[in-house]
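For reference, the chains in residue letters:
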Amino acid sequence: MLSIEPKEVSVGKLHQYLLGAIGPRPIAFASTIDEDGKPNLSPFSFFNVFGANPPVLIFSPARRGRDNTTKHTFENAKRVDEVVINIVNYDIVQQMSLSSTEYAEGVNEFDKAGLSMLKSDLVKPFRVAESPVQLECKIKEIVETGTEGGAGNLVICHVVKMHIKEEILDESGFIDQHKIDQVARMGGNWYTRAKMGMFEVPKPLSTLGIGVDAMPEEIRKSTVLTGNDLGKLGNVEALPENGEIEEFLNSNSEEAELVKSGDKQKIHKQAQVYLEKDQPENAWKILLAK
């Protein structure tokens, strides 16, 4: 058996061991706001519920292990003591992952991930309209467990209002665990879909993905492409050049004929096939071909 004393290994290695061992972990898709009213949205898997009377949630936007910097969510929570915890289901997992990209301060991750801002009733931060359950919270306390990289910051929240989509309720009026279709975090790139089992979601690029907001409107508003599809498309660093698209069409006669037909529905469905194969570059080539 491998036995480890935390002080004998690097923080990065210990972090990986902990994440690989402790899971699946629920995901707090945390929506905050700064003093100027700019929204921020980011997921955290150091999260759970700790009581019902009062209803208490705790999540931890930990210090970054690589450089000991803190996250925008943590800074917002210290200045504006409100947060919305949105529950992540399978329908939005790719968009959730895209939002975890470390965009510059002030960039709206709702826009980058192609998610809708929904006004809250009792707190300032926005809800994620696509989330099946949204919990408006007041932050009661923040406990900083350390000052070095990798230290946790426990954000203790009291739920002041809970919103549940009716389509996920069962006949008794409670949440149907199959209908909510939750996902949870595991080690590495791995997630688990509660009702089906493990699946993999590639981490967002270390460089910035273009985001859903940078896509042509006809793609953003496609009736074929799902939110998860848009999340995968938004996680590319740059769109293909015209020469790359031409080379792709010259090598794929069936796709070239499909592009000539101008049938947007079929073109989008073929792009979806590439996305299912985790080939977003090819999906973009057929979507942008003319």
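Residues numbered from 1 in each chain as written. Predicted model: local features only at pLDDT ≥ 70, side-chain atom pairs only at ≥ 80, totals over all residues. Heavy atoms only, no water.

1. Details of the overall build of the protein chain
So, point 1. On a plain count of helices and strands, the protein chain comes out with 11 helices and 12 strands.
So, point 2. Whereas a compact globule of 290 residues would reach a radius of gyration of roughly 19 Å, the protein chain reaches 21 Å, a difference of no more than 12%.
So, point 3. For the protein chain, the C-alpha atoms occupy an extent of roughly 60 × 50 × 40 Å along the three principal directions.
So, point 4. When each of the 290 residues of the protein chain is scored for burial, the buried share is 46%.
So, point 5. For the protein chain, restricting intrachain contacts to residue pairs at least 6 apart in sequence, the fraction spanning at least 24 positions comes to 62%.
So, point 6. Counting only carbon and sulfur atoms, one obtains 49% of the accessible surface of the protein chain, whose full area is about 15500 Å². (Helix = DSSP H or I, 4+ residues; strand = E, 2+ residues; numbered from the N terminus. Rg over C-alpha atoms; globule rule 2.2 N^0.38 Å. Buried < 20%, exposed > 50% of the residue type's maximum accessible area, 1.4 Å probe, protein only. Contact = heavy atoms within 4.5 Å. Areas by Shrake-Rupley, 256 points an atom, 1.4 Å probe, with all protein chains shown as cover.)

2. Things to note about the sheet that holds strand 5 (residues 82–87)
So, point 1. Taken in spatial order, the 7 strands line up as 2-1-5-8-9-4-3 in an open sheet, and their pairing is antiparallel. Looking along the sheet, the strands with just one partner apiece sit at the ends: strand 2 (39–44) and strand 3 (47–52). Sheet twist, expressed as the average angle between the axes of neighbouring strands with direction ignored, equals 30°.
So, point 2. For strand 3 and strand 4 (residues 55–59), the ladder comprises 5 bridges, and the chain directions are antiparallel. The partner of Phe 47 across the bridge, within strand 4, is Phe 59. (Pairing = 2+ DSSP bridges. Axes fitted to C-alpha atoms, helices over the stretch in contact; angles between N-to-C directions.)

3. Thoughts on the nonpolar core
So, point 1. Core analysis: the largest hydrophobic core is formed by 25 residues, its most contacted members being Ile 219, Leu 233, Trp 284 and Leu 287.
So, point 2. Among the elements of the structure, helix 7 (227–233), helix 8 (242–251), helix 9 (253–261), helix 10 (264–276) and helix 11 (280–288) are those that each provide at least two residues to this core.
So, point 3. Leu 287 has contacts with Ile 219, Leu 225, Leu 233, Ile 267, His 268 and Ala 271, leaving out every residue within four places of it along the chain.
So, point 4. Counting residues in each nonpolar core, the second largest holds 19 residues, with Ala 30, Val 83, Leu 135 and Val 159 among its members. (Core = buried A, V, L, I, M, F, W, Y, C linked by side-chain atoms within 4.5 Å.)

4. Notes on the layout of surface pockets
So, point 1. Estimated volume of the second largest pocket: approximately 430 Å³.
So, point 2. Along its surface, the second largest pocket is lined by 24 residues, and Pro 26, Phe 47, Val 49, Ile 87 and Gln 182 are the ones closest to its centre.
So, point 3. Those elements that provide at least two residues to the lining of the second largest pocket are strand 3, strand 4, strand 8 (133–144), strand 9 (153–164) and strand 10 (183–185).
So, point 4. Counting residues per element, the lining of the second largest pocket draws most heavily on strand 3, at 5 residues.
So, point 5. Class assignment for the residues of the lining of the second largest pocket results in 19 nonpolar, 4 polar and 1 charged. (1 Å grid on protein atoms, 1.4 Å probe; cavity = no way out; pocket = protein on both sides within 12 Å on 5 of 7 lines; lining within 4 Å. Points joined across faces, edges and corners; volume = space filled by probe spheres on them. Nonpolar A, V, L, I, M, F, W, Y, C, P; charged D, E, K, R; others polar.)

5. Quick word on a nonpolar patch on the surface
So, point 1. Side chains of Leu 2, Ile 4 and Tyr 17 sit close together on the surface and give an oily, nonpolar patch of about 290 Å² of accessible area.
So, point 2. Tracing the backbone through its elements, the reader meets Tyr 17 in helix 1 (residues 11–21).
So, point 3. Here Tyr 17 falls in the partly exposed class, since its relative accessible area comes to 40%. (Patch = residues over 30% accessible without salt bridge, like charges linked within 9 Å, V, L, I, M, F, W, Y side chains within 5 Å. Salt bridge = Lys/Arg side-chain N within 4 Å of Asp/Glu carboxyl O.)

6. Notes on the pairing of strand 12 (residues 197–200)
So, point 1. Looking at chain direction, strand 11 (residues 190–193) and strand 12 are connected through 4 bridges and run antiparallel. What sits directly across from Arg 193, in strand 12, is Gly 197.
So, point 2. Between strand 11 and strand 12, which pair antiparallel and follow one another directly, the connecting turn spans 3 residues.

7. Points about the environment of Glu 247
So, point 1. The residue Glu 247 is located in helix 8 in this model.
So, point 2. C-alpha of Glu 247 to C-alpha of Lys 285: the two residues are 38 residues apart in sequence and 9.7 Å apart in space.

8. Points about unusual backbone geometry
So, point 1. With an omega of 0°, the peptide bond between Gly 23 and Pro 24 qualifies as cis.
So, point 2. Looking at where Pro 24 falls in the secondary structure, it is placed in the loop between helix 1 and strand 1 (28–33).
So, point 3. Not every positive phi belongs to a glycine, and Asp 181 is a case in point at roughly 55°.
So, point 4. In this structure, Asp 181 sits in the loop between helix 5 (177–180) and strand 10.
So, point 5. Residue Asp 181 is classed as buried on the basis of its relative accessible area, which comes to 8%.

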